[in-house]
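The chain contents come next:
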Amino acid sequence: TCGTVRSLLDALLPLFLRSVFGFSVTAISNAMLAAALLFVVGSTGGGFLLAQRPGATYPALGVCGVLSALVTAALLLPTTGFGVSALFCAYFLISAVTGVAVTSALEERGRLLGAVDDVMALQVFFWTLGFTAGGLLSVFATAGAATAARQQLTLAVLGLVNLLYTFAFFGFARPKTNVA
């Protein structure tokens, strides 16, 4: 669901900031730049830390899953454009660490199955599918007589789905490995 939220936010956030808070194109670009930089920090830091402590992959996934669900659900609720932008940046940071942790977990699972390439190809397929779903959700959230309330509701529901998905994911047994 990370790809879904990212795709939705890429389309929805600039429109929301412009229509609700009157942000200029420059202000929106600055928020997007800050989010992109935090994504790089999250990816690099997450990759470094998880390489040092592979046993932290599943706990990181749990924490990131819950945090991303909460941030998604609350993203459009702040009463200031700065608050919305800060949550947007936080989501990008969290999603970067999530992406690294998911890739690590799937690679581990693929090794156990003897099919790393197949598992990674499946990950790319689902990421693409998620981005497509996010694009469709952004059309729903902004189409016709779209209101800020409909956009907030769309993200709140997506946050709830993300949270349920996280709990469902952790309902499955963690694979046994020799990695400490």
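What counts and what doesn't
- Residues numbered from 1 in each chain as written.
- Predicted model: local features only at pLDDT ≥ 70, side-chain atom pairs only at ≥ 80, totals over all residues.
- Heavy atoms only, no water.
- Helix = DSSP H or I, 4+ residues; strand = E, 2+ residues; numbered from the N terminus.
- Rg over C-alpha atoms; globule rule 2.2 N^0.38 Å.
- Buried < 20%, exposed > 50% of the residue type's maximum accessible area, 1.4 Å probe, protein only.
- Contact = heavy atoms within 4.5 Å.
- Areas by Shrake-Rupley, 256 points an atom, 1.4 Å probe, with all protein chains shown as cover.
- Lys, Arg positive; Asp, Glu negative; His and termini not counted.
- Charge placed at Lys NZ, Arg CZ, Asp CG, Glu CD.
- Axes fitted to C-alpha atoms, helices over the stretch in contact; angles between N-to-C directions.
- Parallel < 35°, antiparallel > 145°, perpendicular 65-115°, else oblique.
- Left-handed = near helix turned anticlockwise from the far one by under 90°.
- Nonpolar A, V, L, I, M, F, W, Y, C, P; charged D, E, K, R; others polar.
- Patch = residues over 30% accessible without salt bridge, like charges linked within 9 Å, V, L, I, M, F, W, Y side chains within 5 Å.
- Salt bridge = Lys/Arg side-chain N within 4 Å of Asp/Glu carboxyl O.
- Core = buried A, V, L, I, M, F, W, Y, C linked by side-chain atoms within 4.5 Å.
- Phe/Tyr/Trp six-rings, centres within 6.5 Å; stacked < 30°, edge-to-face > 60°.
- Lys NZ or Arg CZ within 6 Å of the ring centre and 35° of its normal.

Draft legend 1. Highlighting the overall build of the protein chain. When helices and strands are tallied, the protein chain shows six helices and zero strands. Along the protein chain, helices (α) and strands (β) appear in the sequence α-α-α-α-α-α when read from the amino end. What you see for the protein chain is a C-alpha radius of gyration of 17 Å, in line with the 16 Å of a compact globule of 180 residues. Principal-axis analysis of the C-alpha atoms places the extent of the protein chain at approximately 55 × 30 × 25 Å. Taken over 180 residues, the protein chain has a buried fraction of 35%. Excluding contacts between residues fewer than 6 apart, the proportion of contacts in the protein chain whose partners are at least 24 apart in sequence is 77%. Working note: accessible area of the protein chain is about 9500 Å², and carbon and sulfur atoms make up 73% of it. Averaging the positions of the 8 positive and the 5 negative side-chain charges in the protein chain gives two centres separated by 12 Å.

Draft legend 2. The packing of helix H1 (residues 2–21) against helix H2 (residues 25–52), seen in detail. Between H1 and H2, the least distance of the axes is 9 Å, while the angle of their chain directions is 150 degrees. Considered as vectors, H1 and H2 are oriented roughly antiparallel to each other. At the point where H1 passes H2, the crossing takes the right-handed sense. Between H1, through Arg-6, Asp-10, Leu-13, Pro-14, Leu-17 and Arg-18, and H2, the contact on the second element is made entirely by Val-25, Ile-28, Met-32 and Phe-39. Considering only residue class, the contact of H1 with H2 consists of seven nonpolar, no polar and three charged.

Draft legend 3. Looking closely at a nonpolar patch on the surface. A contiguous nonpolar patch, built from Leu-122, Phe-125, Phe-126 and Leu-129 and spanning about 410 Å² of accessible area, is present on the exposed surface. Here Leu-129 lies in helix H5 (residues 116–142). By relative accessible area, which is 44% here, Leu-129 ends up partly exposed.

Draft legend 4. Seen up close, the nonpolar core. Within the largest apolar cluster, 24 residues are counted, with the highest numbers of intra-cluster contacts made by Leu-9, Leu-13, Leu-75, Leu-76, Phe-88, Tyr-91 and Leu-155. Breaking this core down by element, the ones donating at least two residues are H1, H2, helix H3 (57–74), helix H4 (81–113) and helix H6 (148–169). It is H1 that contributes the most residues to this core, eight residues altogether. Residues contacting Leu-9, with those up to four places away along its chain left out, are Pro-14, Leu-75, Phe-88, Tyr-91 and Leu-155. Of all hydrophobic cores here, the second largest spans seven residues; its members include Leu-50, Ala-60, Val-100 and Ala-101.

Draft legend 5. Examining the packing of aromatic side chains more closely. Scanning the entire structure with this criterion turns up five aromatic pairs. By the ring-pair criterion, three or more aromatic residues cluster together here, those being Phe-16, Phe-21 and Phe-23. Positioned above the aromatic ring of Phe-39 is the side chain of Arg-6, whose terminal nitrogen or guanidinium carbon lies 4.9 Å from the ring centre. Residue placement shows Arg-6 over the ring face of Phe-92; its charged tip is 4.0 Å from the ring centre.

Draft legend 6. The environment of Thr-79, seen in detail. Position of Thr-79 relative to the elements: it lies in the loop between H3 and H4. Thr-79 sits in the exposed class, given a relative accessible area of 72%. A C-alpha to C-alpha distance of 8.9 Å links Thr-79 and Phe-21, two positions 58 residues apart in sequence.

Draft legend 7. Main features of the packing of H3 against H4. Where H3 meets H4, the axes come as close as 9 Å, and the angle between the chain directions of the two elements is 145 degrees. By crossing handedness, the relation of H3 to H4 is classed as left-handed. Listed contacts from H4 to Thr-57, Tyr-58, Ala-60, Leu-61, Cys-64, Leu-67, Ser-68, Val-71, Thr-72 and Ala-74 of H3 are Leu-87, Tyr-91, Ile-94, Val-97, Thr-98, Ala-101, Val-102, Ser-104, Ala-105, Glu-108 and Arg-109. Tallied by class, residues from the contact of H3 with H4 come to 14 nonpolar, five polar and two charged.

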